[in-house]
Structures are given as structure tokens and as C-alpha cells.
Amino acid sequence: AKKNGKNRYFWFEPTMENELRFRNELENGIRRGLKRGEFVPFYEQQVDISTGELVGFEMLARWKSPELGLVNPDVFIPIAEEIGVIAEMSEQLMVQAFTDAQAWDSSLTLSVNISPVQLRDPWFSQRLLKLLIENNFPAHRLEIEVTETCLHENLGLVKSMIASLRNQGVRVSLDDFGAGYSSLSQLRSLPLDRIKIDRSFVSELRNKDSSKIVDAIISLGDGLQMPITAEGIENEDILAQLREMGELKGQGYHYGRPEDGSQMLERLAENGKL
Ligand code: C2E
Ligand code: CA
Ligand code: CA
Ligand code: CA
């Protein structure tokens, strides 16, 4: 076993070194990118699935890295959280998104994802409200998306911050619902405006178990009088099935891939939503 371990060590060492170096370069790249304004908002359409009407956009972060090209958030958000720059990154993105959204029809909402790390900061809600005022963006057009992970650490703090944001008109959605655990007890204890069904269930709706779960979440929402968004609507079949299941908002590749601010403006012009 020892020999084996030694062999493995011998073979893995160069890879680990490379991985460390790559990781290091990513961290530096992210810090540099923040200074240079390389993090930009993309947008995904949110639609009323029964009428097909566009109701808003979810902002999804992208990194325009000079070295790596367009980088997806799954790569850089966890690192930004770890190296302590997620709040700064999020605020940079929101300022850009507030500016973009000001050009849209004022009926359209803007949803932004908030990291659990940001919700550890007791000043989070104050900072967000200040950002709204500084950028002249109406609180009632903003929706924040939080995940259950944010509730594990300091439920009391998170609850009171969410309450003060909602007091000012900001709406709060529970993202990725069903994917985590202890979802039900949290639903009761949190003041929320909307539940977003995790896309893993929606995109697998052909699957009988997934469709039962989606059905159950929809009745739960009905019972709690909480509106529901289905994400991950990838095609017409899924859309048709969801339409039978309830009155929902939806989003997903069927409605379009995430696009940057200027592509979005063209789309809005086509739809008379400017
Ligand atoms: P999410 O909040 O669940 O966002 C939805 C993700 O699903 C997006 O990936 C979107 O491009 C993708 N998606 C949309 N429609 C479909 C579909 O029909 N099928 C499939 N398979 N996927 C679809 P993206 O943009 O790569 O974002 C990944 C995650 O990164 C997001 O998941 C969110 O948790 C996080 N994220 C994105 N932007 C931010 C941000 O500004 N701050 C924080 N903290 N997290 C962010
Ligand atoms: Ca989200
Ligand atoms: Ca989600
Ligand atoms: Ca997610």
C-alpha cells in the first residue's frame, strides 16, 4: 500500500502543482478583473408561462477574462466567495444591472442571485438599500434570490435582514427549491415572496418522479399562497406539461439563452418593452 501511495504521489504531484498554479492564477485574475471591470451581467428572460408575456430578467454573472474568454459563474463565484470579494463583485454587477434595467419598460423586474456569504454580513440589507438609492433604482423592481444554504448559519440575522428588505419593497425568492434539504421547515420560518423550483426537476419533467415532485411543490405553493417559478424549461414539451400543472412563471433555454445587456435591448425593442 505504501509503495502504491508513493507511486500515486509520484504521479499526482505534477498535477497538483499545476492545479495550485491554475487556482492561484484564477484568484489573481479575479482580483485583477474586479479592478478592470471584467465582470458583466447577462440576462435570462422570465416569462408568464400561460400568456407567454415577458415579466422580467434574472441577472447572471459572466467574467470577460482577457486570458480565458467568457467564463461561467460556477467557475468564479465559489472562488470569489472564498477569497472574500463576492460582495464587491456582486455590487459591481448590480450597479451595471440597475443601469441596464432603467432602460427597460418599468414593469419588468430584475432578479439577482445573492451568495450565502453576503448574507453573513450584518450590514448586507443596509448596503443593498443604499445601492438602490444611489443608483435611483426602485426597490419594488428588485428581487433577490437566496438559497437554503444561507439559512444554516444565522437564521435570526438572515430573517431580520430579509424582513427589512421586504419592508422597503424588495422581493425575496427561494432559489433551487427541492435541491437542498430541510426545505419544508425553512419555508415556514422565512418570510418569502416566491419559490423557484430547481431546474433539475423541471428539465426532467418527462420522468414520473420529477413530475410528482414538481406537482407537490406547486400544491405547496398554492397552500402557502406563494407564487412559483419553474426554471430550466428547455423545450416545448416541458412548457406544455407545466402549463397543465399551474399558473407559473418560467425561464429556461426554451425562451432563450442568457444574453448581454445590448443583445437584451434589441430583444426588448422587438417586443415593444423599452
Ligand atoms: P441559478 O441561479 O440556478 O441560475 C440558472 C442557471 O441555469 C444559469 O446558469 C442559466 O444559464 C442556466 N439555465 C437557464 N436555463 C436553463 C435550461 O433550460 N437548462 C439548463 N440546463 N440550464 C439553464 P449560469 O448562468 O451558469 O449560472 C450558474 C449559477 O451561478 C446560478 O444558478 C447562480 O447560482 C450562480 N450565479 C450566477 N450569477 C450570480 C451572481 O451574480 N451572484 C451569485 N452569488 N451567484 C450567481
Ligand atoms: Ca437563480
Ligand atoms: Ca436556480
Ligand atoms: Ca444555483
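Residues numbered from 1 in each chain as written. Chains lettered and ligands numbered in written order. Predicted model: local features only at pLDDT ≥ 70, side-chain atom pairs only at ≥ 80, totals over all residues. Heavy atoms only, no water.

Q: Help me get a handle on the site of ligand 1, residues and values and all.
A: Lining the immediate environment of ligand 1, one finds 21 residues, of which Glu-44, Arg-62, Arg-199, Glu-234 and Tyr-253 sit closest. In the environment of ligand 1, a nitrogen atom lies 3.4 Å from a nitrogen or oxygen atom belonging to the side chain of Glu-44. Between ligand 1 and the protein, one listed contact pairs a nitrogen atom with a side-chain N or O atom of Glu-234 at 2.6 Å. Within the complex, the protein chains bury 87% of what would otherwise be the 800 Å² of accessible surface of ligand 1. For the shell around ligand 1, the secondary-structure elements that each account for two or more residues are strand 2 (54-65), helix 2 (73-82) and strand 6 (171-177). For the shell around ligand 1, the element with the most residues is strand 2, which contributes 4 residues. Broken down by class, the residue content of the shell around ligand 1 amounts to 8 nonpolar, 4 polar and 9 charged. (Near = heavy atom within 4 Å. Polar contact = N/O pair within 3.5 Å; in protein donor to acceptor, adjacent residues only side chain to side chain. Areas by Shrake-Rupley, 256 points an atom, 1.4 Å probe, with all protein chains shown as cover. Helix = DSSP H or I, 4+ residues; strand = E, 2+ residues; numbered from the N terminus. Nonpolar A, V, L, I, M, F, W, Y, C, P; charged D, E, K, R; others polar.)

Q: Quick rundown of the coordination of the calcium ion (ligand 3)? Include the residues and the values.
A: Only Asp-175 (OD), Asp-176 (OD), Glu-231 (OE) and Glu-231 (OE) from the protein reach the calcium ion (ligand 3) as donors, at distances of 2.2 to 2.6 Å. Read from N- to C-terminus, the donor residues coordinating the calcium ion (ligand 3) fall into the pattern D-D-x54-E. Between the calcium ion (ligand 3) and the calcium ion (ligand 2) the interatomic distance comes to 3.8 Å, and Asp-175 is a ligand of both metals. Note that Asp-175 is positioned in strand 6 and Glu-231 in the loop between strand 8 (228-230) and helix 9 (236-245), a separation of 56 residues in sequence. For the pair Asp-175 and Glu-231, one class covers both residues: buried. (Donors = N, O, S within 2.8 Å, 3.2 Å for Na, K, Ca; no water. Buried < 20%, exposed > 50% of the residue type's maximum accessible area, 1.4 Å probe, protein only.)

Q: Summarise the environment of Ala-103; cite the residues concerned and give the values.
A: Tracing the backbone through its elements, the reader meets Ala-103 in the loop between helix 3 (86-102) and strand 4 (109-113). Residues Ala-103 and Leu-268, 165 residues apart in the sequence, show an inter-C-alpha distance of 9.7 Å. Filtering out sequence-adjacent residues up to four positions away, Ala-103 remains in contact with Leu-265 and Leu-274. (Contact = heavy atoms within 4.5 Å.)

Q: Help me get a handle on the packing of aromatic side chains, residues and values and all.
A: Taken as a whole and judged by the stated rule, the model has 7 aromatic pairs. In textbook terms, an aromatic cluster arises when at least three aromatic residues are bridged by ring pairs, as seen for Phe-39, Trp-63 and Phe-76. Cation over ring: Arg-257 sits above Tyr-253, and NZ or CZ is 3.7 Å from the ring centre. (Phe/Tyr/Trp six-rings, centres within 6.5 Å; stacked < 30°, edge-to-face > 60°. Lys NZ or Arg CZ within 6 Å of the ring centre and 35° of its normal.)

Q: Please give an account of the side chain of Lys-273 that cites residues and values.
A: Of note, Lys-273 is situated in the segment after helix 10 (261-270). Setting aside anything within four residues of it in sequence, one finds Lys-273 in contact with Glu-53, Leu-54, Trp-104, Asp-105, Ser-107, Leu-108 and Leu-268.

Q: A description of unusual backbone geometry should follow, citing residues and the corresponding values.
A: One non-glycine residue, Asn-136, lies in positive phi territory at about 55°. Structurally, the position occupied by Asn-136 is in the loop between helix 4 (124-134) and strand 5 (142-146).

Q: Mind laying out the confidence of the model for the protein chain, listing which residues take part and the relevant values?
A: Residues with a pLDDT of 70 or more make up 94% of the protein chain, whose mean pLDDT is 91. Across residues 5-10, where pLDDT falls below 50, the model places 0 contacts with residues more than four positions away in sequence or in other chains. Complex prediction metrics read pTM 0.93 and ipTM 0.97. (pLDDT = per-residue confidence, 0-100.)

Q: For the nonpolar core, give the residues involved together with the corresponding values.
A: With 75 residues, the main nonpolar core has Ile-30, Leu-110, Leu-142, Ile-144 and Leu-242 as its most contacted residues. No other element matches helix 3, which puts 7 residues into this core. Leave out the neighbours within four places in its chain, and Leu-142 touches Phe-98, Leu-110, Val-112, Leu-128, Leu-132, Phe-137, Val-170 and Arg-171. (Core = buried A, V, L, I, M, F, W, Y, C linked by side-chain atoms within 4.5 Å.)

Q: Residues and numbers for the pattern of salt bridges, please.
A: Applying the stated criterion across every chain, the model contains 13 salt bridges. A salt bridge links Glu-17 to Arg-21; its shortest N-O distance comes to 3.9 Å. Here the residue Glu-17 and the residue Arg-21 both occupy positions in helix 1 (residues 2-36), the gap between them amounting to 4 residues, near one helical turn. Assessed through its relative accessible area of 44%, Glu-17 is described here as partly exposed. (Salt bridge = Lys/Arg side-chain N within 4 Å of Asp/Glu carboxyl O.)

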